[in-house]
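Inside the fold
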Amino acid sequence: MISLDQQDKYRELYRTLRPTYQTSGQIYEGLVAKHITSDTKMLDAGCGRTGIIGLFRDRARLTVGVDVDLASLHDNVGLHHAALGRLTELPFAAASFDLVISSWVIE
């Protein structure tokens, strides 16, 4: 397996050949950003230790992360609030959020 540092070097090399190249993460972040306003209440389902929700904390009204791993929730500084729980039994009422994101969870 190629280390993350080496992957980043290959991405930068490719970017010199194709200046408009974007990683899948950059594309995903751009798509999410289009749906956020100052009134948006968003949930990161399976937020883990970090995630793109931290990029939008100051743009959204509310950012909440849910994860089954308590240590990850303590380390995730990109959230307004965190909740311990399973994605199969979310601890929120229906329609609590305007936008739900989930990255690197199902893979």
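Before reading further, recall that the structure is shown in the block above.
The structure reproduced in this document is the subject of the present report. (Residues numbered from 1 in each chain as written. Predicted model: local features only at pLDDT ≥ 70, side-chain atom pairs only at ≥ 80, totals over all residues. Heavy atoms only, no water.)

1. Notes on the side chain of Thr-40
Mapped onto the elements of the fold, Thr-40 is located in the loop between helix H2 (24-33) and strand E1 (41-45). What Thr-40 contacts, discounting residues up to four positions off in sequence, is His-35, Ala-60, Arg-61, Leu-62, Asp-98 and Leu-99. (Helix = DSSP H or I, 4+ residues; strand = E, 2+ residues; numbered from the N terminus. Contact = heavy atoms within 4.5 Å.)

2. Notes on the pairing of E1
Counting buried positions over the 5 residues of E1 gives 4, a clear majority of the element. Here E1 runs beside strand E2 (residues 62-67); their pairing, made up of 5 bridges, is parallel. Along E2, the bridge assignment pairs Ala-45 with Val-66. Bridging between E1 and strand E4 (residues 99-101) involves 3 bridges; their strand directions are parallel. Across the sheet, Leu-43 pairs through a bridge with Val-100, a residue of E4. (Buried < 20%, exposed > 50% of the residue type's maximum accessible area, 1.4 Å probe, protein only. Pairing = 2+ DSSP bridges.)

3. Let's talk about the nonpolar core
One finds Val-32, Ile-36, Met-42, Phe-56, Leu-99 and Ile-101 to be the most contacted residues of the largest nonpolar core, which totals 13 residues. If you list the elements that add at least two residues to this core, you get H2 and E4. Setting aside its immediate chain neighbours within four residues, Met-42 contacts Val-32, Ile-36, Ile-53, Phe-56, Ala-60, Leu-62, Thr-63, Val-64, Phe-97, Leu-99 and Ile-101. (Core = buried A, V, L, I, M, F, W, Y, C linked by side-chain atoms within 4.5 Å.)

4. Details of unusual backbone geometry
A positive phi angle is found at Ala-95, which is not glycine, with a value near 65°. Mapped onto the secondary structure, Ala-95 falls in the loop between strand E3 (81-84) and E4. Of note in this structure, Trp-104 is not a glycine but carries a positive phi near 55°. Of note, Trp-104 is situated in the segment after E4.

5. Quick word on the sheet that holds E3
Taken in spatial order, the 4 strands line up as E3-E2-E1-E4 in an open sheet, and their pairing is parallel. Since the sheet does not close on itself, it has two edges, and those belong to E3 and E4, each with one partner. Going from strand to strand, the sheet's axes swing by 20° on average, the running direction of each strand aside. Across 4 bridges, the pairing between E2 and E3 is parallel. Pairing of Val-64 across the sheet is with His-81, part of E3. (Axes fitted to C-alpha atoms, helices over the stretch in contact; angles between N-to-C directions.)

6. Quick look at the pattern of salt bridges
A complete count under the given rule lists 3 salt bridges for this structure. The closest approach of N and O atoms between Glu-12 and Arg-15, which form a salt bridge, is 2.6 Å. On the criterion of helical spacing, the pair formed by Glu-12 and Arg-15 is a turn pair, its members being 3 residues apart in helix H1 (residues 4-17). (Salt bridge = Lys/Arg side-chain N within 4 Å of Asp/Glu carboxyl O.)

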